[in-house]
Amino acid sequence: MTPRLKLAMEHDGPSRGRYVRDLVQQFLKLRSVRGALLVASDGFVIAAEVPDSVSVEPLAAMAARLGRELEASAARMGHTSFSTAMFSAEDGGMFVAAAGIGYVVVLADPQANQEAIRSAVEEAVALIQAAWSPPDGTASVG
Amino acid sequence: MHEVDAARVQTVLERFLADASCAATVLIDRGGESLAVAGTARAFDVVSIAALAAGAFSSTAPLARLLGEREFSVLIHEGVKESLHVSTVDDGSILLAIFDERTTVGMVRVFAREASKKIGAILAEARTRPRRPGADATPATPEEARSALPRRPS
């Protein structure tokens, strides 16, 4: 367990909303990351840090649709869920990861270190899930 | 509602308020009566908001039935600055959240769902609790509120 994950599991701060917003903001510290957001599975934006040139709501809707499709595909293949998916294009890439309450989405430039971003996404997912899990490990938010 | 249950509901509302960064949150019954309030609701006309929100909720029920639904579980009224999230807790109560641009609809939805589950469980438990005269802080249902009113001598 990483120190940050341990901290999150002990997290009982004043606002989990602020906590997830901070997590989304952390992605901007990574080199070549353009923006990041946390989207509910129905496409509503939970938290977003993207440049003004990016239309948040269409992006959130598309990411949620992709996430749901990936989860359905994973189920069809006999997997419990997908962890992270990456979509790349000439002008950049997008990472989508399932995080319990929704999907973590990260937009990156073409020269971005994909492994570093993937690792950061995985850690963010673990932190979000830990923040939503009650201490006794029983069911969290549906 | 017993004082202990009212305090538990208040704790859930306070937590919801902090987590979702809402301006105010109000638990109301289906008749529009306020059961519990948290946040800067004093800046708003809570009585009117509660009554109108309950009315708006019940007025959409026929529309929901046309779609084959019993009722809509969430209504969102989005304004330029202030918005209102209205969601069902159980058959007797509704959770209102007043919020502004400091948070998002998605954030409020996530935490409202969680708060509704917790409040619903508290209210269900409260309704099964044996009644002790004089121990109630607020009525748990509209029927309780009506029965608590003084009766005219016949």
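Residues numbered from 1 in each chain as written. Chains lettered and ligands numbered in written order. Predicted model: local features only at pLDDT ≥ 70, side-chain atom pairs only at ≥ 80, totals over all residues.

1. Examining the environment of Ala-48 of chain A
- Here Ala-48 of chain A lies in strand β2 (residues 45-49).
- Ignoring anything within four residues of it in the chain, the contact list for Ala-48 of chain A reads Val-24, Leu-37 and Val-56 of chain A. (Helix = DSSP H or I, 4+ residues; strand = E, 2+ residues; numbered from the N terminus. Contact = placed C-beta atoms within 7 Å.)

2. Quick word on the packing of helix α2 (residues 16-26) of chain A against helix α4 (residues 114-132) of chain A
Residue and element names in this part refer to chain A.
- One can describe the packing of α2 onto α4 by two numbers: an axis separation of 11 Å at closest approach and a directional angle of 175°. Between α2 and α4, the interaxial angle falls into the category roughly antiparallel. Where α2 approaches α4, its residues Arg-16, Tyr-19, Val-20 and Leu-23 are matched on the opposing element by Ala-124, Leu-127, Ile-128 and Ala-131.
- When its residues are assigned to classes, the contact of α2 with α4 shows 7 nonpolar, no polar and 1 charged. (Axes fitted to C-alpha atoms, helices over the stretch in contact; angles between N-to-C directions. Parallel < 35°, antiparallel > 145°, perpendicular 65-115°, else oblique. Nonpolar A, V, L, I, M, F, W, Y, C, P; charged D, E, K, R; others polar.)

3. Quick notes on the interface of chain A and chain B
- With 13 residues of chain A at the interface, the matching set in chain B holds 14 residues.
- Only α2 and β2 of chain A provide two or more residues apiece to the side of chain A that touches chain B.
- A per-class count over the side of chain A that touches chain B returns 8 nonpolar, 3 polar and 2 charged.

4. Section: the sheet that holds strand β3 (residues 84-89) of chain A
- In spatial order, the strands read β2-β1-β5-β4-β3 (chain A); together these 5 strands make up an open sheet with antiparallel pairing. Both edges of this open sheet fall to β2 and β3 of chain A, since each of them pairs with a single strand only. The sheet shows a mean angle of 15° between the axes of neighbouring strands, direction not considered.
- Of the pairings in the sheet, the one linking strand β1 (residues 33-40) of chain A to β2 of chain A comprises 4 bridges and is antiparallel in character. Along β2 of chain A, the bridge assignment pairs Leu-38 of chain A with Ala-47 of chain A.
- In this fold α2 of chain A packs onto β1 and β2 of chain A, with an angle of close to 40° to the strand it touches most, β2 of chain A.
- Against the sheet, helix α4 (residues 105-128) of chain B contacts β1 and β2 of chain A, and its axis sits at roughly 140° relative to β2 of chain A. (Pairing = 2+ DSSP bridges.)

5. Here we look at the confidence of the model for chain A
All names here are of chain A.
- With 84% of its residues at a pLDDT of 70 or more, chain A shows a mean pLDDT of 85.
- Across chain A, the element-wise mean pLDDT spans from 48 in helix α1 (residues 3-9) up to 96 in β1.
- Below pLDDT 50 for its whole length, residues 5-11 participates in 10 contacts with residues either more than four positions away or in separate chains.
- Taken as a whole, residues 136-142 scores under 50 in pLDDT and shows 10 contacts with residues more than four places along the chain or in a different chain. (pLDDT = per-residue confidence, 0-100.)

6. Quick word on the sheet that holds strand β4 (residues 83-88) of chain B
All names here are of chain B.
- One open sheet accounts for 5 strands, arranged β2-β1-β5-β4-β3; its pairing is antiparallel. Both edges of this open sheet fall to β2 (34-39) and β3 (74-78), since each of them pairs with a single strand only. Direction aside, the axes of adjacent strands within the sheet are offset by 15° on average.
- Sheet topology note: the strand β1 (residues 24-29)/strand β5 (residues 93-99) ladder contains 6 bridges and is antiparallel. Looking across to β5, one finds that Ala-24 is bridged to Ile-98.

7. Concerning the packing of helix α1 (residues 3-20) of chain B against α4 of chain B
All names here are of chain B.
- Contact geometry of α1 with α4 gives a least axis separation of 9 Å together with a crossing angle of 175°. The angle between the axes of α1 and α4 places the two elements in the roughly antiparallel class. Residues Asp-5, Arg-8, Val-9, Val-12, Phe-16, Asp-19 and Ala-20 of α1 touch α4, and the partners they reach there are Met-107, Val-108, Phe-111, Ala-112, Ala-115, Lys-118, Ile-119, Ile-122 and Ala-126.
- Taken together, the residues of the contact of α1 with α4 sort by class into 12 nonpolar, no polar and 4 charged.

8. A closer look at α4 of chain A
Residues and elements named next belong to chain A.
- Along its 19 residues, α4 runs 27 Å from first to last C-alpha, staying within 8% of the 27 Å computed at 1.5 Å per residue.
- Within the sequence span of α4, burial applies to Ile-117, Ala-120, Val-121, Ala-124, Leu-127, Ile-128 and Ala-131. Along α4, the residues classed as buried sweep out an arc of 130° about the axis, all on the same side. (Expected span 1.5 Å × (residues − 1). Buried ≥ 20, exposed ≤ 12 C-beta atoms within 10 Å, placed from the backbone. Arc of directions from axis to C-beta.)

9. Concerning the pairing of strand β4 (residues 92-98) of chain A
Residues and elements named next belong to chain A.
- Where β3 lies against β4, 6 bridges are found, and the strand directions are antiparallel. If you follow Ser-88 over to β4, its bridge partner there is Gly-93.
- Connecting the antiparallel pair β3 and β4 is a turn made up of 2 residues.
- Remark: 3 residues form the turn of the hairpin made by β4 and strand β5 (residues 102-108), two consecutive strands paired antiparallel; Gly-100 in that turn has positive phi of roughly 75°.

10. Comments concerning the nonpolar core
- Formed by 75 residues in total, the largest nonpolar core has its most connected members in Leu-37, Val-39, Ile-46, Tyr-103 and Val-106 of chain A together with Ala-20 and Leu-96 of chain B.
- The dominant element in this core, judged by the number of residues it contributes, is α4 of chain B, at 9 residues.
- Excluding residues within four positions of it along the chain, Ile-46 of chain A makes contact with Val-20, Leu-38, Val-39, Ala-40 and Gly-102 of chain A together with Thr-104, Gly-106, Met-107 and Val-110 of chain B. (Core = buried A, V, L, I, M, F, W, Y, C linked by C-beta atoms within 7 Å.)

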